[in-house]
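# Per-entry structural report
In case you want the letters, here they are:
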Amino acid sequence: MEIWINPACSKCRSAVHLLDAEGAEYTVRRYLEDVPSEDEIRAVLDRLGLEPWDITRTQEPAAKELGLWDWPREADARDRWIAALSAHPKLIQRPIITADDGSAVVGRTEEAVRDALSR
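Residues numbered from 1 in each chain as written. Predicted model: local features only at pLDDT ≥ 70, side-chain atom pairs only at ≥ 80, totals over all residues. Heavy atoms only, no water.

## Things to note about the pattern of salt bridges
This model, assessed by the stated rule, comprises eleven salt bridges. The structure contains a network of salt bridges with shared partners spanning Glu38, Asp39, Arg42 and Asp79. (Salt bridge = Lys/Arg side-chain N within 4 Å of Asp/Glu carboxyl O.)

## Points about the packing of aromatic side chains
Under the criterion given, the structure shown has three aromatic pairs. On the numbers, 5.8 Å between centres and 70° between planes, the contact of tryptophan 53 with tryptophan 81 is edge-to-face. Residue tryptophan 53 is found in the loop between helix H2 (38-48) and helix H3 (61-66), and its partner tryptophan 81 is found in helix H4 (residues 78-87); the two are separated by 28 residues along the sequence. Tryptophan 81 matches tryptophan 53 in its accessibility class, with the two residues each being buried. Here tryptophan 71 and tryptophan 81 contribute two aromatic rings whose centre-to-centre distance is 5.4 Å and whose plane-to-plane angle is 80°, an arrangement assigned as edge-to-face. Of the two residues, tryptophan 71 is situated in the loop between H3 and H4 and tryptophan 81 in helix H4; the sequence distance between them amounts to ten residues. Across the pair, tryptophan 81 and tryptophan 71 agree in class, each one buried. An aromatic cluster of at least three residues, connected via ring pairs, comprises Trp53, Trp71 and Trp81. Sitting above the plane of the tryptophan 71 ring, arginine 80 keeps its charged end 3.9 Å from the centroid. (Phe/Tyr/Trp six-rings, centres within 6.5 Å; stacked < 30°, edge-to-face > 60°. Helix = DSSP H or I, 4+ residues; strand = E, 2+ residues; numbered from the N terminus. Buried < 20%, exposed > 50% of the residue type's maximum accessible area, 1.4 Å probe, protein only. Lys NZ or Arg CZ within 6 Å of the ring centre and 35° of its normal.)

## Concerning H4
When H4 is considered as a whole, its buried residues turn out to be Arg78, Trp81, Ile82, Ala84, Leu85 and Ser86. The inward-facing, buried residues of H4 contact H2 and H3. (Contact = heavy atoms within 4.5 Å.)

## What about unusual backbone geometry?
Looking along the chain, the bond that leaves arginine 94 and enters proline 95 is cis, with omega of -10°. Position of proline 95 among the secondary structure elements: in the loop between H4 and strand E3 (96-98).

## A closer look at the packing of helix H1 (residues 10-21) against helix H5 (residues 110-118)
The interhelical angle for the contact between H1 and H5, taken along N-to-C directions, is 45°, at an axis separation of 10 Å. With respect to their mutual orientation, H1 and H5 come out oblique. Read as a crossing pair, H1 and H5 show a hand that is right-handed. Facing H1, whose interface residues are Ala15, Leu18 and Leu19, H5 presents Glu110, Val113, Arg114 and Leu117. (Axes fitted to C-alpha atoms, helices over the stretch in contact; angles between N-to-C directions. Parallel < 35°, antiparallel > 145°, perpendicular 65-115°, else oblique. Left-handed = near helix turned anticlockwise from the far one by under 90°.)

Here's what the structure looks like:
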């Protein structure tokens, strides 16, 4: 299991605390420092069953600078969104937990983190 976190994020800290409390074995990836490649983002999206716009933090200053609200949310624009997430990792929703069964969840709630633990 791996968890992508921003240590400054309270949701990330809560998820790590719950993983620790449950005795989970996991690896922490500080994705702002160890930025995921476009291929890694594609793989996580496949595991999540989501599209890049589904995990984009559209209220971040970088999103506003890029004008993401005006970008199409369709298959032809997918690579553009993924490139933006890799170039501006603060745009990636957090935390993301990749479960041992090959799936992943956005662990913003205790329920989502427990879901990842049960897989």
